[in-house]
Amino acid sequence: MFKNYLKIAWRNLVKNRLFSAINVLGLSIGLAVTLILLIFIRHEQSFDNMYSNVDNIQRVLLHTDGDNGREIWATVPPSLGPTMMTDVANVEYAARTLKNDFGGTASLRVLEQNFTEKDLFWVDAELLNIFDVPFIKGQAKGALDRPNTAVLSETSAKKYFGEKDPIGKTFTVDGKYKLEVTGVYKDFPNNSTLDCNIMASGITTWFFKNPSWNNASFETYCLLKPRTDLESTELQLQEMLNKNMEKENQWYTFSLQPMKEVHLYSAGYDNAYANRIGDIKEVRNLSYLALIILLIASINYMNLTTARSQKRSKEVGISKTLGSSSGSLLIRFYIETGLVTLISLVIGVLLTLTALPIFNSVTGQELNSDLLLNFEFFIGLYVLWLVVTLISGSYPALYLSKFKPSIVLKSSTVNSKGNIFIRKGLVVFQFAASVVLIVGVLMILKQMEFIRNQKLGFNAENVVAISINGLKGSEKKDALVSELKGISNVSSVSLAQGFPGMEVSGRSLSRNEDDKEKFNIQTNVTDASVIDVLQLKLLAGRTLPSLNKKKILL
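Source: prediction; values computed, not measured.

Student: Looking at this structure, how should I read unusual backbone geometry?
Tutor: Within the chain, Asp 48 stands out as a residue other than glycine whose phi angle is a positive 70°. Within the element layout of this structure, Asp 48 appears in the loop between helix 2 (17–45) and strand 1 (57–66). Its relative accessible area of 0% is what places Asp 48 among the buried residues. Of note, Asn 148 is a non-glycine position whose phi angle comes to about 60°, a positive value. Inspection of the secondary structure puts Asn 148 in the loop between strand 7 (135–137) and strand 8 (149–153). You can call Asn 148 partly exposed: its relative accessible area is 33%.

Student: When you look at the packing of aromatic side chains in this model, what are you seeing that I'm missing?
Tutor: Aromatic ring pairs are described here by two measures, namely the spacing of the ring centres and the angle between the planes. Enumeration according to the criterion identifies 16 aromatic pairs in this entry. A ring pair is formed by Tyr 51 and Phe 131, whose centres lie 5.0 Å apart and whose planes are at 75°; its orientation type is edge-to-face. Highlighted residues: Tyr 51 in the loop between helix 2 and strand 1 and Phe 131 in the loop between helix 5 (127–130) and strand 7, separated in sequence by 80 residues. For the pair Tyr 51 and Phe 131, one class covers both residues: buried. Aromatic side chains Phe 121 and Tyr 273 sit 6.3 Å apart centroid to centroid with 75° between the ring planes, which places their arrangement in the edge-to-face category. Of this pair, Phe 121 sits in strand 6 (residues 120–123) while Tyr 273 sits in the loop between helix 9 (259–262) and helix 10 (280–307); the two residues are 152 residues apart in sequence, bridging distant segments of the chain.

Student: Teacher, can you tell me more about the pattern of salt bridges here?
Tutor: All told, the structure shown has ten salt bridges when counted by the stated rule. Salt-bridge contacts for Lys 260 lead to Asp 55; the nearest nitrogen and oxygen are separated by 3.0 Å. Here Lys 260, found in helix 9, pairs with Asp 55, found in the loop between helix 2 and strand 1; they are 205 residues apart in sequence, far enough to count as distant. Judged by relative accessible area, which is 47%, Lys 260 ranks as partly exposed. On the basis of relative accessibility, which here comes to 54%, the residue Asp 55 falls in the exposed class. Arg 96 is the partner of Asp 124 in a salt bridge, and the nearest nitrogen-oxygen pair spans 2.7 Å. One end of the pair, Asp 124, is in the loop between strand 6 and helix 5; the other, Arg 96, is in strand 3 (residues 91–99), with 28 residues separating them in the sequence. A residue is classified by how much of its surface remains accessible, and Asp 124, at 8% relative accessible area, is buried.

Student: Looking at this structure, I do not really get the side chain of Asp 195. What am I missing?
Tutor: With respect to the helices and strands, Asp 195 occurs in the loop between strand 10 (177–185) and strand 11 (198–201). No salt bridge forms around the buried Asp 195; measuring N to O, its nearest opposite-charge neighbour Arg 276 is 4.5 Å away. Side-chain polar atoms of Asp 195 contact the side chain of Asn 275, separated by 3.1 Å. Contact partners of Asp 195, with chain neighbours within four places excluded, come to Asp 119, Phe 121, Phe 188, Ala 274, Asn 275 and Arg 276.

Student: Would you mind showing me how to read empty space enclosed by the protein here?
Tutor: A probe matching the size of a water molecule, rolled over the atoms, marks out where space remains unfilled. A full pass over the atoms with the stated rule returns four cavities of 30 Å³ or more. Lining the second largest cavity are Thr 97, Phe 121, Thr 193, Leu 194, Asp 195, Cys 196, Glu 219, Tyr 221 and Ala 274. The class makeup of the residues in the lining of the second largest cavity is five nonpolar, two polar and two charged.

Student: Teacher, can you tell me more about the packing of helix 3 (residues 80–87) against helix 8 (residues 230–244) here?
Tutor: Packed helices, taken two at a time, are described by the angle their axes make and the gap between the axes. Orientation of helix 3 relative to helix 8, taken along the N-to-C sense of each, is 110°, at an axis distance of 11 Å. When the interaxial angle is binned, helix 3 and helix 8 end up roughly perpendicular. In the packing of helix 3 onto helix 8, the handedness of the crossing is right-handed. Each of Leu 80, Thr 83, Met 84 and Asp 87 in helix 3 lies in contact with helix 8, whose residues at this interface are Leu 237, Met 240, Lys 243 and Asn 244. By residue class, the composition of the contact of helix 3 with helix 8 is four nonpolar, two polar and two charged.

Student: Sorry, what's going on with the pairing of strand 10 here?
Tutor: One face of the sheet, then the other: side chains in a regular strand alternate in exactly this way. A large share of strand 10 lies buried, amounting to seven of its nine residues. By the bridge criterion, two bridges tie strand 7 to strand 10 in an arrangement that is antiparallel. Paired with Lys 137 across the strands is Val 184, a residue of strand 10. Two elements, strand 9 (residues 170–173) and strand 10, share four bridges in a ladder whose sense is antiparallel. Considered in strand 10, the bridge of Thr 172 is made with Lys 178.

What counts and what doesn't
Residues numbered from 1 in each chain as written. Predicted model: local features only at pLDDT ≥ 70, side-chain atom pairs only at ≥ 80, totals over all residues. Heavy atoms only, no water. Helix = DSSP H or I, 4+ residues; strand = E, 2+ residues; numbered from the N terminus. Buried < 20%, exposed > 50% of the residue type's maximum accessible area, 1.4 Å probe, protein only. Phe/Tyr/Trp six-rings, centres within 6.5 Å; stacked < 30°, edge-to-face > 60°. Salt bridge = Lys/Arg side-chain N within 4 Å of Asp/Glu carboxyl O. Lys, Arg positive; Asp, Glu negative; His and termini not counted. Polar contact = N/O pair within 3.5 Å; in protein donor to acceptor, adjacent residues only side chain to side chain. Contact = heavy atoms within 4.5 Å. 1 Å grid on protein atoms, 1.4 Å probe; cavity = no way out; pocket = protein on both sides within 12 Å on 5 of 7 lines; lining within 4 Å. Points joined across faces, edges and corners; volume = space filled by probe spheres on them. Nonpolar A, V, L, I, M, F, W, Y, C, P; charged D, E, K, R; others polar. Axes fitted to C-alpha atoms, helices over the stretch in contact; angles between N-to-C directions. Parallel < 35°, antiparallel > 145°, perpendicular 65-115°, else oblique. Left-handed = near helix turned anticlockwise from the far one by under 90°. Pairing = 2+ DSSP bridges.

Set out below in structure tokens:
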């Protein structure tokens, strides 16, 4: 019976080629868009699942009062990590990470060549005990126990040392730290929160060797003992803080964030070093969008199929006259829908593979076809096919199988008020949902246009920012400025701690030393030329002095 129904369904599709092509095309595009969104959602939800200890890994968060209310920071004081390992019983390991120059670009000197590196992190050796980092050369154990040591990612090793074995080789960071390569590890996958290209031994630097409870610039991860209660651990953190800091001086508190939540639940946190930050709101919104698109595609199929009800009514009438039951016709129409959905799904997968690179280039994501080639994905495809078949085929199958032979063989129309109302309702829903999506896209485009055209308060056109962390001493910096000014196309040059939009140095501002009311501000050490370079317009006061004889606040 099934084989016969399948043959009938195929003959109907071939017989009505144009109609079938329109149906298949509509479903294929809807399924392709849905698949791309589902792949992205699955990718976002898979972050950090590759670590065997992920259920016991926590990131420490800092809570404080800011100018705009309560703030949550992803960075904590440097003293926290080492103290946790001795004072908090539930903690097995704790490790600090500090991006070079507090988030700045590192200048490297490797084999008599100069490079820049954006993702160099100073870390505690315990980080390799918390996270599974597979090594290609060398061993994780003991790789960062000594000062002046570093491990490189596979890509970084090839970039800086080519085909040479980097183990035992040295390179210089920012002109002052000479580091020995002790290992090479596989690149972190694109669904890992950790994304270091170079991990250097933190005990090389002054900040790691001289920790304090005031500066909060270190991201700190800890590995809890199995079956540890989070609330009791957070209480231990507070007791540790009370032990090491006077109550009146405590301007923050701590909490723990499970590693599985770091990627999707940190969008509103300040000072995070990770380049890959997701947002659970975005994932939810895209889930709703995928559902709406799937419904629109399914309803479009319903509308097109029921629109041909007049032509199919005679067929149903004859089948029932010859003995077919409503149940058998219901199965037959569902098989036809299932066949259309299957063809559409295959085409939709091919469209997804074709559109994935375009999606990556537009969104900046790194999704690849490997996400489509696993058992979990094929199970998902089967579920998707089943759901779309049930939704798309529900109304047409029920509607067509209920035709009465005595009516359809005599009359040229077989519309009841109820059926007309349902069909009109489906059409209205389809158009309403489409209008909502179109309006949403237009709003996003307008917002992006507003962002692009919004005045920034400075002129960014033809301005280039160059990292000079590797230059030490004012003489070398002055010599560089002179060389740049000698270039005919350069109109002005300025030295600055950072460029606009970059969080450089956070400080507290008060009217006098006794004033308890303080304001958090971002400062940027620079020279007088910055006003000419960025074409800043001062609302009041005067420009910066050319010589730094006294402290001036602009």
